[in-house]
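# Structural overview for review
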Amino acid sequence: MDWGRYRALCDRPDVMSRWLLERTASVLDGEGAHELAREVRAPLARLPLPRPQDHRGPDDLDMFSVRWSPVIVAALAAQLEDLYAAGGLERALGLRGARGVVAAWREFAAFAA
């Protein structure tokens, strides 16, 4: 895949990194939301988007196309917003990580609506 197409795909809100999916699932597991964590991990069972030949990044940068039912998206958005408001994301990911995670999920929820 060429870099232009890869960047365009990676900029879509329905394409998420391994890092984002794994961290989100870990936080959800820590909060006892195991079913939501399984949903978030599900895309990781598929192959990531093909990378450009000269891509040298770590596996955390693998990108996955994601799709969940509106019910799952609403549950994810509500759970993550509640965690963010209560400081749970900051405790788990640090301030910068929490802001990035909640921003990515807000973008996805708006896209999926």
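Cut-offs applied
Numbers given to residues run from 1 along each chain, matching the order in which its sequence is written. Where local features are concerned, this predicted model is filtered to residues with pLDDT of at least 70; where side-chain atom pairs are given and counted, the filter is 80 or more; whole-chain, interface and lining totals use all residues. The side-chain numbers reported here are obtained from all heavy atoms of the structure, hydrogens and water having been left aside. Put simply, buried Ala, Val, Leu, Ile, Met, Phe, Trp, Tyr and Cys residues joined by side-chain atoms within 4.5 Å make one nonpolar core. Any residue under 20% of the maximum accessible area for its type is buried, any over 50% is exposed, and the rest in between are partly exposed; the area is computed with a 1.4 Å probe on protein chains only. Only DSSP runs of H or I reaching four residues or more are called helices, and only runs of E reaching two or more are called strands; each is numbered from the N terminus. A contact between two residues is defined here by any heavy atoms of the two lying within 4.5 Å. To obtain an axis, a line is fitted to C-alpha atoms, over the contacting stretch when the element is a helix, and the angle between two such axes runs from 0 to 180 degrees between their N-to-C directions. The handedness criterion is simple: a crossing whose near helix is rotated anticlockwise from the far helix by less than a right angle is left-handed, and one whose near helix is rotated clockwise is right-handed. Under the scheme applied here, ten amino acids are nonpolar (Ala, Val, Leu, Ile, Met, Phe, Trp, Tyr, Cys and Pro), four are charged (Asp, Glu, Lys and Arg), and all others, including Gly, are polar. Any Lys or Arg side-chain nitrogen located within 4 Å of an Asp or Glu carboxyl oxygen qualifies as a salt bridge. Pairing of aromatic rings covers Phe, Tyr and Trp, the last through its six-membered ring, and needs centres within 6.5 Å; plane angles under 30 degrees mean stacked, over 60 mean edge-to-face, and all others mean tilted.

### Considerations on the nonpolar core
Most often, soluble globular proteins have nonpolar side chains that are buried together. In this structure, Met16, Leu21, Leu28, Trp68, Leu76 and Trp105 are the most contacted members of the largest nonpolar core, which totals 25 residues. Contributions of two or more residues to this core are made by helix H2 (18-30), helix H3 (34-41), helix H4 (70-85) and helix H5 (88-112). If one sorts the elements of this core by residue count, H5 sits on top with 6 residues. Among residues more than four places away in sequence, those in contact with Trp105 are Met16, Leu20, Leu21, Thr24, Val40, Trp68, Leu76 and Leu80. Grouped together as the second largest cluster of nonpolar side chains are 6 residues, Tyr6, Cys10, Leu49 and Met63 included.

### Observations regarding the packing of H4 against H5
Between H4 and H5, the shortest axis-to-axis distance is 9 Å and the interhelical angle comes to 150°. Once H4 is placed against H5, the crossing between them reads as left-handed. Contacts between H4 and H5 pair Val73, Leu76, Ala77, Leu80, Glu81, Leu83 and Tyr84 from the former with Gly88, Leu89, Ala98, Arg99, Val102, Trp105, Arg106, Phe108, Ala109 and Ala112 from the latter. Classifying every residue of the contact of H4 with H5 by side-chain character gives 13 nonpolar, 1 polar and 3 charged.

### Remarks on the pattern of salt bridges
Tallied over the full model, the rule gives 7 salt bridges. Residue Arg51 pairs with Asp62 through a salt bridge whose shortest N-O separation is 2.8 Å. Of this pair, Arg51 sits in the loop between H3 and strand E2 (63-65) while Asp62 sits in the loop between H3 and E2, and the two are 11 residues apart along the sequence. Taken together, the salt bridges that share partners define one network made up of Arg18, Arg51 and Asp62.

### Side note on the packing of aromatic side chains
This model, assessed by the stated rule, comprises 5 aromatic pairs. Pairing Trp3 with Tyr6 gives two aromatic rings, centres 5.8 Å apart and planes at 90°, and the pair type is edge-to-face. Taken together, the residues Trp3 and Tyr6, both in helix H1 (residues 3-10) and 3 residues apart, mark about one turn of the helix. Residue Trp3 is classed as partly exposed on the basis of its relative accessible area, which comes to 29%. With a centroid separation of 5.4 Å and an interplanar angle of 90°, the aromatic rings of Trp68 and Phe108 are classed as edge-to-face.

Structural measurements only, silent on function.
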